[in-house]
Amino acid sequence: MYNLLHGKYCWNTVSPIRSPFTSRQKTTCPKVDCTGVPSAAEAMDNKHLYLMVFVLLPVVVLSQCPFAAQFKEIDRNHVQQSDKMEVPLEDSVRSCSKLKYRSYNGYCNNLKVPTRGMAYSYYARLIPSDDSRNQSALPLPKMISEKLYPSKPIIDKDYSLASMQYGQVVAHDISDRIMPLLNGNKQKTTVTSYLDLSVIYGNNKEVADHIRVFKEGLLKTEMRNGQEFPKLLKKPTIGDNCSDMREPGESCYDVGDTRANQNPQLAMMHILFIREHNRIARKLLQLNPNWTDEKVYQEARKINIAQHQHIAFYQYLPIVLGRKNMLEKKIIYDADGYIDDYNEDVDATALDEHGNAAFRYYHTQIAGHLKLITDTHNSTGDLRISDYIGRPQIIEKGDNFYMLGRGLAFQQSMGVDNYHDDEITKYMFKEGKQFGEDLKVIDIKRNREHLLAPYNALRKLCGLSSAEKFEDFGDVMETEHVQSLKELYDHHDDVDLTVGGSLEKHVPGTWAGPTFHCILMKQFYNTRVGDRYWYEHSGELGFTLEQLNEIRKSSLSKILCENANITKIQKDIFHLPNSETNRETNCEEIPAVNLMLWKEPKRENS
Ligand code: HEM
Ligand SMILES: [Ca+2]
């Protein structure tokens, strides 16, 4: 039955435009090196847009690429970042095709509609918003949470806490709803939808510049307690995701996305990628002493993003979506060549149904207590997560960074089911009080504020039957869940997407029921195929084949080895080290990306 369902998915009908294994792409425009030229994209990033479009651009004649006809198709509705962006895009866009590196805010990634996937654009939707539902007739979110998401810490036998924590990084890379809410049916997301480590490098030029040293290609860090950490905020606020319950001297991190401060292990992930950037940058400069700061920075950024894309698509997502399904739908390929199926008609913009329903499902994996694990696999204690929401600096204390890193690899995550740890359903954001908020309640509220179409509509879109009564949900749900829904809601069409989707039995070999699976598959297909800078592409924006095949050796385990003082770990950090093929091993045994391949021949260096 599930296979049958798969066949009926709401699949994008646009087929890949290029064979996945073609060699280097031909370029249609004359070769122009735009490094160092202030780009239109950067102009869109900062406050100097007018200056750029009306003064600088006419002066900096970039090329004569014949794009004019396409520019007419630009969807001006996308251009909503601010009133200032209502400018003739045709001029600024002409330079997009010359951008060697991604812009920070995602502008220019798509040449046909350059605002696609850009920070501060509207979420895309699979089904238009639905304001016909009488919200006041819907059951209270707290009632739903108590009935359907009971506190029961069921531990997963196979997956590590890293499989949850890295998921949060991927989630934050793709979307972040804007506050305050706009009118219900049009919601914006503040981050680039592309998987471009915007969490690390920032979502606009102002932030990106703020966190850079502008020397040797480095991100700003300083040594504390003998280790490299990001700078601290001088005056942290709740707006920086920083709790008010700090102790004197305690602060939060001044980094590309302030959500880093939300919980200790998320902050750790950020720091791992920041250290990784600096590690790569130092190596690149050593190999190419003539490279400018900008060149080192952008090349290190490009490699860091490529590693992240590789880990996300080839190591993390196959667990969530099933490797076979991903191969079947061409979300990944079994390839050692280039993958060149970029399609400018595929819109990578975050789907509202993804960000505000389907991908939040993995809140179920959150562990309430973070174990501090020693070399001998003993736990010397743990951190209660609700005590450290918005207080990430605890990771700097003593050996915590190291032991929490071991925790990512060796602590079990919670199961992907409808049970949740009460640390997040009773104590989240408790801020010194006895009780706090319920993340599941927040999730349900967001689903409703964003006027997401009901569960039944998404079921239909995803190839399930459109239910005519509650009992019809029984095709993918346990009877007891159908019964609970019937007791909570007046009508089967009232069931919220975030609720219905979370109760479906998983598609075999995946972490999602058919409806969430379909939404996530769609999102991640768009994320990859709609990204002109995807790391597996050939051509000027990509890597040499040899470099690409080095990138393909990357793993989150190795990133921990390189940047967290870890010396022993399993190869696949998302799985616990309890199988013959994934035993804990010395870091030297884990493949490394050989950066020697980025050494430029002397001739070009001078
Ligand atoms: C310790 C772990 C985590 C905590 C404490 C946490 C907490 C939160 C909070 C407080 C929000 C904002 C709620 C709101 O006001 O709307 C949020 C949003 C979200 N979370 Fe989590 N989360 C965690 C892990 C995860 C994981 C593992 C995933 C997915 C794999 C995830 C996916 C999302 C998504 C997609 C959003 C909404 C993004 C958007 O605004 O578009 N989170 N989370
Ligand atoms: Ca992003």
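What you see is a predicted model; the values in this text were computed from it and never measured. (Residues numbered from 1 in each chain as written. Chains lettered and ligands numbered in written order. Predicted model: local features only at pLDDT ≥ 70, side-chain atom pairs only at ≥ 80, totals over all residues. Heavy atoms only, no water.)

1. Comments concerning the overall build of the chain
When its secondary structure is counted, the chain shows 23 helices and 10 strands. Counting every position in the chain, which comprises 606 residues, the buried fraction comes to 62%. Carbon and sulfur atoms form 51% of the exposed surface of the chain, whose accessible area is close to 24,100 Å². (Helix = DSSP H or I, 4+ residues; strand = E, 2+ residues; numbered from the N terminus. Buried < 20%, exposed > 50% of the residue type's maximum accessible area, 1.4 Å probe, protein only. Areas by Shrake-Rupley, 256 points an atom, 1.4 Å probe, with all protein chains shown as cover.)

2. Considerations on the coordination of the calcium ion (ligand 2)
The coordination sphere of the calcium ion (ligand 2) contains the protein donors Asp173 (O), Asp173 (OD), Thr192 (O), Thr192 (OG1), Tyr194 (O), Asp196 (OD) and Ser198 (OG), at a distance range of 2.3 to 2.4 Å. Sequence spacing of the donors to the calcium ion (ligand 2): D-x18-T-x1-Y-x1-D-x1-S. On the criterion of sequence distance, the pair formed by aspartate 173 in helix α7 (residues 161–174) and threonine 192 in the loop between β3 (188–189) and α8 (198–201) is long-range, its members being 19 residues apart. Judged on exposure class, the residue aspartate 173 and its partner threonine 192 are both buried. (Donors = N, O, S within 2.8 Å, 3.2 Å for Na, K, Ca; no water.)

3. Notes on the coordination of the iron atom of ligand 1
From the protein, the iron atom of ligand 1 takes a single donor atom, His363 (NE2), 2.1 Å away. Its place among the elements puts histidine 363 in the loop between α13 (352–355) and β6 (369–373).

4. Observations regarding the pairing of β6
Pairing geometry for β6 and strand β7 (residues 379–384), over four bridges, is antiparallel. Within β7, the residue paired with leucine 370 across the bridge is leucine 383. (Pairing = 2+ DSSP bridges.)

5. Brief notes about the site of ligand 1
Near ligand 1, the surroundings consist of 23 residues, among which Tyr123, Ser175, Arg177, His363 and Arg446 are the closest. With respect to ligand 1, the side chain of serine 175 contributes an N or O atom lying 2.7 Å from an oxygen atom. At 2.7 Å, a backbone N or O of arginine 177 approaches an oxygen atom of ligand 1. Where the shell around ligand 1 is concerned, the elements lending two or more residues are α7 and α16 (439–449). Grouping the amino acids of the shell around ligand 1 by side-chain chemistry returns 12 nonpolar, seven polar and four charged. (Near = heavy atom within 4 Å. Polar contact = N/O pair within 3.5 Å; in protein donor to acceptor, adjacent residues only side chain to side chain. Nonpolar A, V, L, I, M, F, W, Y, C, P; charged D, E, K, R; others polar.)

6. Quick notes on the nonpolar core
By size, the foremost hydrophobic cluster in this structure holds 142 residues, and its most contacted members are Tyr166, Phe313, Leu485, Phe524 and Leu556. Counting residues per element, this core draws most heavily on helix α11 (residues 293–321), which supplies 15 residues. Every residue in contact with leucine 485, bar those within four places of it in the chain, is listed here: Leu148, Phe470, Phe473, Met477, Val495, Val499 and Leu503. Ranked by size, the runner-up nonpolar core spans eight residues in total, among them Leu99, Cys108, Tyr533 and Leu541. (Core = buried A, V, L, I, M, F, W, Y, C linked by side-chain atoms within 4.5 Å. Contact = heavy atoms within 4.5 Å.)

7. Re the environment of asparagine 105
Inspection of the secondary structure puts asparagine 105 in the loop between α5 (89–93) and β1 (121–122). Taking the C-alpha atoms as reference points, asparagine 105 and valine 499, separated by 394 residues in sequence, lie 32 Å from one another. Engagement of the side chain of asparagine 105 in a polar contact is seen with the backbone nitrogen of tyrosine 107, the distance being 3.0 Å.

8. Here we look at the packing of α7 against α11
Put simply, α7 and α11 touch, their axes get as near as 12 Å, and they point 125° apart. As summarised for this structure, α7 and α11 are arranged oblique, according to the angle between their axes. Here α7 runs over α11; the crossing is left-handed. Residues Ser163, Tyr166, Gly167, Val169, Val170 and Asp173 of α7 lie in contact with α11, whose contacting residues are His308, Ile311, Ala312 and Tyr316. For the contact of α7 with α11, the class distribution of residues is six nonpolar, three polar and one charged. (Axes fitted to C-alpha atoms, helices over the stretch in contact; angles between N-to-C directions. Parallel < 35°, antiparallel > 145°, perpendicular 65-115°, else oblique. Left-handed = near helix turned anticlockwise from the far one by under 90°.)

9. Here we look at the environment of proline 289
Structurally, proline 289 is set in the loop between α10 (264–287) and α11. For the pair proline 289 and glycine 239, spaced 50 residues apart in sequence, the C-alpha to C-alpha distance is 40 Å.

10. Examining the UniProt feature "binding site: heme b" (unreviewed entry) in the chain
Mapped onto the present numbering, the UniProt feature "binding site: heme b" (unreviewed entry) falls on His363. Once you skip the residues sitting within four places of it in the chain, histidine 363 turns out to touch His420, Ile424, Leu439 and Asp443. (UniProt positions renumbered as here; feature names shortened; annotations may be inferred.)

11. With respect to the packing of α11 against helix α20 (residues 514–529)
Between α11 and α20, the least distance of the axes is 11 Å, while the angle of their chain directions is 160°. One element, α11, and the other, α20, form an angle in the roughly antiparallel class. Both α11 and α20 take part in a crossing whose hand is left-handed. Listed contacts from α20 to Phe313, Leu317, Val320 and Leu321 of α11 are His517, Leu520, Met521, Phe524, Thr527 and Arg528. Taken together, the residues that form the contact of α11 with α20 break down as seven nonpolar, two polar and one charged.

12. Observations concerning α10
Compared with an ideal rise of 1.5 Å per residue, which puts 24 residues at 34 Å, α10 spans 35 Å between its outermost C-alpha atoms and is within 8% of the ideal. Sitting at the head of α10, asparagine 263 places a side-chain oxygen 3.2 Å from the backbone nitrogen of glutamine 265. (Expected span 1.5 Å × (residues − 1).)

13. Considering the environment of tyrosine 362
Positionally, tyrosine 362 belongs in the loop between α13 and β6. On the accessibility criterion, tyrosine 362 (7% relative accessible area) is buried. In this structure, the C-alpha to C-alpha distance between tyrosine 362 and lysine 324, residues 38 residues apart in sequence, is 21 Å. Not counting the four nearest positions on each side in its chain, tyrosine 362 is found in contact with Met164, Val320, Val416, Trp511, Ala512 and Leu520.

14. Here we look at the state of the cysteines
Applying the stated criterion across every chain yields a total of four disulfides. Between the sulfur of cysteine 96 and that of cysteine 108 lies a disulfide, 1.9 Å long from S to S. Across the S-S bond linking cysteine 96 and cysteine 108, the dihedral sits near -65°, which makes this disulfide left-handed. Taken together, the residues span a long stretch of sequence, with cysteine 96 in the loop between α5 and β1 and cysteine 108 in the loop between α5 and β1 at a distance of 12 residues. (Disulfide = S-S within 2.5 Å.)

15. Examining the pattern of salt bridges
When the charged atoms of two side chains lie near each other, side chains of opposite charge can form a pair. If you walk through the whole model with that rule in mind, you get 36 salt bridges. One salt bridge in this structure joins aspartate 387 and lysine 430, with 2.6 Å as the shortest N-O distance. Of this pair, aspartate 387 sits in the loop between β7 and α14 (400–410) while lysine 430 sits in the loop between α15 (422–425) and α16, and the two are 43 residues apart along the sequence. Judged by relative accessible area, aspartate 387 falls into the partly exposed class, the value being 31%. One connected set of salt bridges, linked through shared partners, spans Glu222, Arg224, Lys231 and Glu396. (Salt bridge = Lys/Arg side-chain N within 4 Å of Asp/Glu carboxyl O.)

16. Overview of the packing of aromatic side chains
As enumerated under the stated definition, the model contains 18 aromatic pairs in all. Geometrically, the ring pair formed by tyrosine 361 and tyrosine 362 is tilted, given 5.2 Å between the ring centres and 55° between the ring planes. The pair formed by tyrosine 361 and tyrosine 362 is uniform in burial state, with each residue classed as buried. Taken together, a centroid distance of 5.3 Å and an interplanar angle of 50° make the contact between tryptophan 534 and tyrosine 535 tilted. Note on tryptophan 534: relative accessible area 1%, which makes it buried. According to the relative accessible area criterion, tyrosine 535 is buried, its value standing at 2%. Clustering of aromatic rings is evident, with ring pairs tying together Tyr159, Phe313, Phe359, Tyr361, Tyr362, Trp511, Phe516, Phe524, Trp534 and Tyr535. (Phe/Tyr/Trp six-rings, centres within 6.5 Å; stacked < 30°, edge-to-face > 60°.)

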